[in-house]
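Descriptive analysis of the structure
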Amino acid sequence: MNRQQFLEQLEAELSGLAPVERQEALKFYVEYLDEAGPENEAAVLAELGSPQKVAAIIRANLGLSDESAAPHETPKPSLTLNGPDWSRKTEQQAQSGAPGAGSAAYGGQPFPKSKNNSRVLLVLLLVFTSPLWIGILGGLFGALMGLLGGILGIFIGGISAIAGGAIALIFSLFTLVGNPADGMVSMALSMASIAIGVLLTAGCVWLLRRFVPWLVSLVRRAVQAVCGKVGK
Amino acid sequence: MAFNTGAALMDALVLSIVSQESTYGYKITQDVRSVMDVSESTLYPVLRRLQRDECLETYDREFAGRNRRYYSITEKGNERLETYRREWKVYEEKINHVLFGGIGNE
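No experiment lies behind these values; they were computed from the predicted model shown. (Residues numbered from 1 in each chain as written. Chains lettered and ligands numbered in written order. Predicted model: local features only at pLDDT ≥ 70, side-chain atom pairs only at ≥ 80, totals over all residues.)

Some points on unusual backbone geometry
Residues and elements named next belong to chain B. To be explicit about the condition: Every helix listed is a DSSP run of H or I at least four residues long, and every strand listed is a run of E at least two residues long, numbered separately from the N terminus. Note on burial: count the other C-beta atoms lying within 10 Å of the residue's C-beta; 20 or more is buried, 12 or fewer is exposed, in between is partly exposed, and C-beta positions come from the backbone.
Non-glycine residue E54 carries a positive phi angle of around 65°. Its identity is not glycine, yet A64 carries a phi of approximately 50°, on the positive side. By the secondary structure assignment, A64 is in the loop between β2 (56-63) and β3 (66-73). You can call A64 exposed: it has 7 C-beta atoms within 10 Å.

Below you can see the structure in the form of structure tokens.
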């Protein structure tokens, strides 16, 4: 293959690229062969490889389509020197892009991985597992609300016992006048009711005072754990 | 060379070569190939990508009756080169630590 054939075939291979990209690439290789000089032409053409391979490397590294040829759209590469896997990937791309691409198709990283990928993955994972964790969270929330409701019920029961006991106590005073024995019994019962009510309400208050701060700190820690992970 | 390191290293080498002196594609290719075992056909996409990333600029000069396109480094390219240099130091230290069992580090 001579220089003319190489450039013609390269142009044909790059026909999928935007015209400006195609012209830039051809210009580069025209100048490159000029610099090498006619005496080195055969050696340089041999070293460059087939136009198919050269074109595959260009396509793999500069994007396949017209819109990717526009400036300012290339993602900023992450500045890392020690990624072991991408060169293999690019090589595969170059080879799959053209069957003629040789194993020497060492290519640059076209669109280097962003460090944000892990966060995107995390969000995707959260979305895809949402039926699971929404169920779990909902269950936990329901259990907590049930506990709160139970405590509230006992509390109201206690208040009612106090109120009922107090009313019964007032009535027992009237009974005491007509029937002292009955009055004493109903007085004792009313007082017992008041005592039970006081115990229940006090118990609930004690429970709530422990339970609510615990619940608040639990929720706060959960939120911090989730936000902390996502925020990093 | 036994170690075929990454595209980022090639970017770093190209930026460093161009930062010392504005030069042309053929020369850059030869310079990179003097230290790295890469095919000649890999350099053009690297140069073009760095140009599109605004790390390199080009200008044309006539030479021996034909055109020669020169590449020169931009402010952004210099910044990226500095980042690569820092990254390389870290990388080099880690590799040395493993390869030489921490000699010189402890």
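From this point, the discussion proceeds with the structure in view.
Overview of helix α7 (residues 130-178) of chain A
To keep it simple, the criterion reads: Every helix has an expected span of 1.5 Å times one less than the residues it contains.
With 49 residues, α7 of chain A extends 71 Å from end C-alpha to end C-alpha; this agrees with the ideal 72 Å at 1.5 Å per step. Here α7 of chain A lies mainly on the outside; 3 of its 49 residues are buried.

Thoughts on the UniProt feature "transmembrane region" (unreviewed entry) in chain A
Residue and element names in this part refer to chain A. Applicable threshold: UniProt positions are given in the numbering used here, feature names are shortened, and annotations may be inferred rather than shown by experiment.
Sequence positions flagged by UniProt for "transmembrane region" (unreviewed entry) are, in local numbering, residues 120-145, 151-176 and 188-208. Spanning residues 120-145, this segment combines 96% helix with 0% strand, and its end C-alpha atoms are found 33 Å apart. Spanning residues 188-208, this segment combines 100% helix with 0% strand, and its end C-alpha atoms are found 30 Å apart.

Focus: the nonpolar core
Nonpolar side chains in soluble globular proteins generally cluster together in the buried interior. Note the cut-off: In these notes, a nonpolar core means any group of buried Ala, Val, Leu, Ile, Met, Phe, Trp, Tyr and Cys residues linked to one another through C-beta atoms within 7 Å. Think of it this way: build a C-beta for each residue from its backbone, and any pair within 7 Å is a contact.
Ranked by size, the top nonpolar core spans 43 residues in total, and within it I58 of chain A together with M10, V14, L15, I28 and L47 of chain B carry the most contacts. In terms of residues, this core owes the most to one element, helix α1 (residues 7-20) of chain B, which gives 9 residues. Each residue touching I58 of chain A, except ones within four places of it in the same chain, is listed here: L14 and A25 of chain A together with Y44 and P45 of chain B.

As for the pairing of β3 of chain B
Residue and element names in this part refer to chain B. Quick reminder of the rule: Each pair of strands is called paired provided DSSP finds at least two bridges between the two strands.
Two elements, strand β1 (residues 23-24) and β3, share 2 bridges in a ladder whose sense is antiparallel. Residue pairing across strands places T23 opposite Y71, the latter belonging to β3. Pairing between β2 and β3: 8 bridges, direction antiparallel. Note that in β3 the partner of Y59 across the bridge is Y70. Connecting β2 to the antiparallel partner β3 that follows it, the hairpin turn spans 2 residues, and A64 within it adopts a positive phi of roughly 50°.

Re the sheet that holds β1 of chain B
Here 3 strands make up an open sheet; going across it, the order is β1-β3-β2 (chain B) and the pairing antiparallel. Among the strands making up the open sheet, the edge pair consists of β1 and β2 of chain B.

Some points on the packing of helix α2 (residues 25-35) of chain B against helix α3 (residues 43-52) of chain B
Each pair of packed helices gets described by two things: the angle between the helix axes and the distance between those axes. All names here are of chain B. Cut-off, in case you're wondering: Angular values range over 0 to 180 degrees, each being the angle between N-to-C directions of two axes fitted as lines to C-alpha atoms, with helices fitted over their stretch in contact. If you view the pair so one helix is near and one far, a crossing is left-handed when the near helix is turned anticlockwise from the far one by less than a right angle, and right-handed when it is turned clockwise. In this count, Pro and Cys sit with the nonpolar residues alongside Ala, Val, Leu, Ile, Met, Phe, Trp and Tyr, while Asp, Glu, Lys and Arg are called charged and the others, Gly among them, polar.
The geometry of α2 relative to α3 is characterised by a closest axis approach of 10 Å and an angle of 115° between their N-to-C directions. As for how α2 packs across α3, the hand of that crossing is right-handed. Only L43, Y44 and L47 of α3 make contact with α2, whose side of the interface consists of G25, I28, T29 and V32. Classifying every residue of the contact of α2 with α3 gives 5 nonpolar, 2 polar and no charged.

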